[in-house]
Each structure stands twice: as structure tokens, then as C-alpha cells.
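Architecture and fold: a report
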Amino acid sequence: MATLSPPILHSDAEGQLGRPFDFLGDAIALELAENFDVTMNGLVVMLGDLSGSGSDTGRLRRATGFGWSTTFSDMATETDPIVATAIQAAYDSITIGRVGLAFEESFTRAVLADDPISVEYLAQSFLSSYLATVRSKLAAQVASFSTNVADATATLDVDDWIALRNAFENTTGFAGMANALLKPRQVGYLRSSIRAETGLQFPEPHEAYQRLQVNNGLRMSYLGIDIYASGDITTSSGDDFGGAWVPGAVGMAVGDASGIGDISDANGQVVPGWGIVITRKTDGQSATKRVDGNALLGLTTISPNVAPQFLIRNDDGV
Amino acid sequence: MPAPTAQVQSAGETLSEIDGANVLRVAPNAPFWLVHWRNAPGSWEPAEIDGQSYWLPVLSPFILTVGVNGFRTAASGEDPSSRVSRSKVVLTDRGGELLDVSLPVPAEFVPPGQAVGPGFLRSAPCRGGKFYHIVWDVPRQPLAGREMTPEHYRDLFNRWRRWLVEEGHIAPPDPQVLEDAISNASRRVHDVASASMTDESSVREQRRAKPARREALHLAAVVPGADPAPAPPSRPRGKKAAEVAA
């Protein structure tokens, strides 16, 4: 029993009659996170499903030496025999692997909690985390593009962008469409460089894109190349490893879980198309419950001979 | 409440391991190899070391994360090295030259405060795992609300890259790659000059200075370990050469 002498002060009464804090409303604000889905807009295209194939590796065949890539030969005489032409064929490979995410809580926490963040609530976030995983792996894939077109000793500028556009246009068969995925600061450096160009106006759609689609990762379009940005882009040796490619140059494959069979004992769910399997486990012995998300996915780059792709490696400016 | 320091030390731990003071406030990343894309345009770059410009191999991270670059999930009990076997095939097929992760980094190239040991890859504890980095990217705590930017020891990294070529760990470049790089550097000087036609002359010169310095660095560069007086690389020809000269 505490004695509260007059005048009764809050500082004295808080321990017995008050409370040290109170939550203002029931809402829980989510901390900022990049909610940019790279499976949209051709940044990553779905190549296929390896479920039921007997392998974790898929191949994509390519061929050339006919059609637009070859021409008829001149014949010297009316009766010269035509020599049959060879064609060339090759393939690209894609390997899928297992990724996982799980949440777990004790019975005590589940019983006493006054907030909505239960393991069931967290399970609903698996798809977002999966898409964030794809984005992260895309950034890893971009870092391994082999041909750099930018000046690695300086921050990204208009000259780099002209060089990029030239590189695409100098690629035989380039169809005119390309996307870029950069580190956000690379976009900032490019924007600054655009401002410094004499007589060059900001790209017309710049402002509109900024306002309408910033949550979708799209920052602006310049020289006909849509520019997206992600913090997942790799930084190493003082350089940012962004990239640009035509839609279809980077693809993904999954092991769709529809063939997994009966998982009702785990109160399981399958997210069709993405290969995500969600299972639940309740353990009375340790008084815990958990939810697990498993998925099989993989990304690859298609040969530049099919889909041009360029590294945009710049000094990080730091 | 953290355990008292005396107890922590008696348990063979340090206080920083308990309170997390030395844990980087960044998300974990995947380990990686360093790859040189042999003969790819942009695979060599000039850099100045002790007043001399050298052609140095560009090294890119080849990130080993499941499902990317052929890196796969191993079966239970399977030799872990099998996870990278396809990655090596992918890399070779695409013209990549893998740097052995156990390749020594001589002490003279190791940044101050970093342990001298085998390989160029290091890891630091971070939130939820490990943060992998090359020895020349020394991680540090990020500023509030900012991305972590490692302190990069560019000069030491350049010297190590020069050593890689001198010691034969990376083969000398194809002259075509160097010619391509020089041509690009020269074109940038020309492009800036063209774009600045309406500028005051002083502004024009200022804008040309940076690409001109870059071009000079390209033109003066020598291949490490090669003849100190190499044949001059090919210059832009015809109209373009005249424009560059102007």
C-alpha cells in the first residue's frame, strides 16, 4: 500500500493507479519496406514449371541460321546445286532451389496477446515476402551481367545512358524496348546529370511517373528505357551493379506445388503458380505453434544473343 | 537485462556479443565469388597507381544465392560442393573467369585493421545472419535511415588487381577490349563537346575536363607486367579523330 500525500502527484500515483504507457489506438504501423514486384512489367518473365519433370534444372533451347538470320545464296549457273546450310542450336539452363520462411510463437504469447500479429496473420504475408525474394534474386542475377556499358569510375550520367541506348541499338535485332533496374542513388545521379545538360529538358513523363507509380518501382523513362530502382541492387568494391535488359532476358521457373499431394495433416495451403507451400504445426509438448512457407524457384539470364542485357556499373558516389 | 560483464567474460564471450554492439544493423546477404568476364566489352578499366595508368581487370560479384546462377539446394547428405557445380558451368559458358576464393591476398594489399588471411571474402555478423564483403569493403554501421556504405579501399584494391595480372592469376586483356574502351572514352569527349555548343567557352572547357581526363587515363594505360613501352593503342580514325583533336 502506497501513501499518496496531498497534493496527489501523477508521478507518485502512476505506479498504483495509473500505467506507465498506453497504446494510442489499436493500429500497428508497418515500417517502410520496398513493395516493388519485379514480376510485373517484364522485368522477370515466367519461363515454366519444373514440377513433375524429374529434374531441378530446365533448359531453354535457342537456334539461329535460318529465317531473318540468313539469306539466299547467289547461284552462278542455271543448274548449280544449292549447298544445304547448317543451322546452329544451343540452350540456356535454369536451376531451381528451395527457399523458406517460418514464424513461431508460444501458446502463452498466443493466449495473452492483444495485438493481431499471430502466426496466422504472419502467414498471410508470405506472398509479399516471396515477391521480395524474387526481387532480391533478380538483383543478384543482374550483378552477373557480363558487359558493362557505364563508366565505373564515375556516378551514373547522361553519357552512360546514351552509351546504354547505343549498346542496345548496335545489337542486331534489338526491338526497341528495354527496362533498367538501378540502385535508387544511381537514378538520383542520372537525374542530376540530366539537369546539368545544356538545353536538355527533363523527360516529359518524368513527373507523372514519379507521382503515379513510385510504389511500383518505376522512377522515370529516359531515351526510351523505363527505369526502375531497388535497394536490392548489389554494391561491391565501391560500385553499384545495376543493369538494363529487354523483356525476356531474365526469367524465372518454379516447382509448382500442386503436385505435392495430401498435406491436410499440416493444415496446408498451396499458392498456385508460385510454388509456395504453407504448412502449420502445433506442438503441445513445447507449447508452440508455427507456420512454415516453402517454395522452389530459380532465375536465369537468357543468352544475350536472344535478349540483349547490359550491366550498368557505376561508382557509388560515397 | 544483460549479464554482468564479469560473468560474460568468464563465459568466454565479450559484452559486445551480448548487447549486439558489434552487430551490423543491416540485413544479411549471400556469399559471392569474384568473376572476370574475359573479353566482354567493359571488362578492363584504367586506374592510376603511383602516377602510372594501368589496365586493370573488372571484377564482378557472382552471387551464390539459391536459384540464381545455377546455385542449387543440396540433397540431404550430399557434398555441399555439389551446390556450386552448375554455377561453375554457367559461369564458364558465359565466358567468366572465376577467381579462386582461397587466392591469397598479400598483407601489403589488406586494409588497416583487417585480418590477413586466405581469400578476399570476409563476413561480419549482422542482424539475422552474416554480411559478406570483400576485404577492401570494410563495413560500418549505417547512418540513421540510410543504407550502409562500406568504406572502400580503392587504391589497395587496384594494387591487388594489378598484382593478379602480374602474377598470372588473370590473363592479359584482348587488345580489342582495350580499343573498345578507348573508343568509348574518346566518344564521350566528343559528345560533351557537341552537347555544349551553346555554352560559354569557359563552361565548355569545364564540362570537357572530366571526360578528357578519363580519355587521357585510357590512352596512357599499360597492361600490368607487360612491356613498359607498349605499342600505342589504336586511335579513333577519320572524321572522329579530327573531332576529338579539336
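Being a predicted model, the structure only gives us computed values, none of them experimental.

**A word on the overall build of chain A**
Each helix and strand in chain A was counted, giving seven helices and 14 strands. Relative to its length of 318 residues, chain A is extended, with a C-alpha radius of gyration of 28 Å against a globular reference of 20 Å. When its C-alpha atoms are laid out on the principal axes, chain A stretches across 120 × 60 × 35 Å. Evaluated residue by residue, chain A yields a buried proportion of 41% over its 318 residues. Contacts in chain A between residues at least 24 apart in sequence constitute 75% of all its contacts with a sequence separation of at least 6.

**Let's talk about the interface of chain A and chain B**
In this assembly, 47 residues from chain A lie in contact with 40 residues from chain B. Between chain A and chain B, roughly 3,300 Å² of surface is buried when both sides are summed, and carbon and sulfur atoms account for 44% of that area. In this structure, the connection of chain A to chain B is made through nine salt bridges. Between Arg-214 of chain B and Asp-151 of chain A there is a salt bridge, with the nearest N and O atoms lying 3.3 Å from each other. The interface formed by chain A and chain B includes 19 residue pairs in polar contact (both at pLDDT 80 or more). Secondary structure elements with two or more residues in the side of chain A that touches chain B: strand E4 (97-106), helix H4 (126-142), helix H5 (158-169), helix H6 (184-196), strand E8 (234-236), strand E9 (239-245), strand E13 (288-301) and strand E14 (309-315) of chain A. Partitioned by chemical class, the residues of the side of chain A that touches chain B number 15 nonpolar, 19 polar and 13 charged.

**Section: the sheet that holds strand E4 (residues 60-63) of chain B**
All names here are of chain B. Read across the open sheet, the three strands follow the order E4-E1-E5; overall the sheet is antiparallel. The open sheet has two free edges, formed respectively by E4 and strand E5 (96-99), since each of these has just one partner strand. In this sheet, adjacent strand axes meet at a mean angle of 45° when their direction is disregarded. Here four bridges tie strand E1 (residues 32-37) to E4, and the two strands are oriented antiparallel to one another.

**Section: helix H3 (residues 85-93) of chain B**
Residues and elements named next belong to chain B. Buried within H3 we find Ser-87, Val-90 and Leu-91. Projected down its long axis, H3 shows its buried positions confined to an angular sector of 95°, all on one face. Exposed and oriented more than 90 degrees from the buried face of H3 are Thr-92 and Asp-93. Among the structural elements, E1, E4 and E5 are those in contact with the buried residues of H3.

**A closer look at the environment of Asp-49 of chain A**
All names here are of chain A. Relative to the helices and strands, Asp-49 resides in strand E1 (residues 45-49). Judged by its relative accessible area of 40%, Asp-49 is partly exposed. For the pair Asp-49 and Ser-5, spaced 44 residues apart in the sequence, the C-alpha separation amounts to 75 Å. Excluding residues that lie within four positions of it along the chain, Asp-49 makes contacts with Val-254, Gly-255 and Asp-256. A polar contact of 2.7 Å, which involves the side chain of Asp-49, links it to the side chain of Ser-51.

**Considerations on the confidence of the model for chain B**
Residue and element names in this part refer to chain B. Predicted confidence across chain B gives a mean pLDDT of 80, with 78% of residues reaching 70 or more. Taken together, the stretch residues 1-16 has pLDDT below 50 and engages in eleven contacts with residues farther than four places along the chain or on a different chain. Prediction confidence for the complex, expressed as pTM and ipTM, is 0.86 and 0.81 respectively.

**What about the side chain of His-152 of chain B?**
Relative to the helices and strands, His-152 of chain B is located in strand E9 (residues 151-152). At 2.7 Å, the side chain of His-152 of chain B forms a polar contact with the side chain of Asp-137 of chain B. Residues within four places of His-152 of chain B in sequence aside, it is in contact with Ser-237 and Gly-238 of chain A together with Trp-136, Asp-137 and Phe-157 of chain B.

**Let's talk about unusual backbone geometry**
Leaving glycine out, the prevailing phi sign among residues is negative, and the prevailing peptide bond configuration is trans. A cis amide bond links Pro-6 of chain A to the next residue, Pro-7 of chain A, at an omega of -15°. Considering the arrangement of structural elements, one finds Pro-7 of chain A in the segment before helix H1 (10-13). Its identity is not glycine, yet Asn-39 of chain B carries a phi of approximately 70°, on the positive side. Checked against the element boundaries, Asn-39 of chain B lands in the loop between E1 and strand E2 (44-49). Judged by relative accessible area, Asn-39 of chain B falls into the partly exposed class, the value being 40%.

Scoring rules and cut-offs
- Residues numbered from 1 in each chain as written.
- Chains lettered and ligands numbered in written order.
- Predicted model: local features only at pLDDT ≥ 70, side-chain atom pairs only at ≥ 80, totals over all residues.
- Heavy atoms only, no water.
- Helix = DSSP H or I, 4+ residues; strand = E, 2+ residues; numbered from the N terminus.
- Rg over C-alpha atoms; globule rule 2.2 N^0.38 Å.
- Buried < 20%, exposed > 50% of the residue type's maximum accessible area, 1.4 Å probe, protein only.
- Contact = heavy atoms within 4.5 Å.
- Buried area = accessible area lost by both parts, 1.4 Å probe.
- Salt bridge = Lys/Arg side-chain N within 4 Å of Asp/Glu carboxyl O.
- Polar contact = N/O pair within 3.5 Å; in protein donor to acceptor, adjacent residues only side chain to side chain.
- Nonpolar A, V, L, I, M, F, W, Y, C, P; charged D, E, K, R; others polar.
- Pairing = 2+ DSSP bridges.
- Axes fitted to C-alpha atoms, helices over the stretch in contact; angles between N-to-C directions.
- Arc of directions from axis to C-beta.
- pLDDT = per-residue confidence, 0-100.

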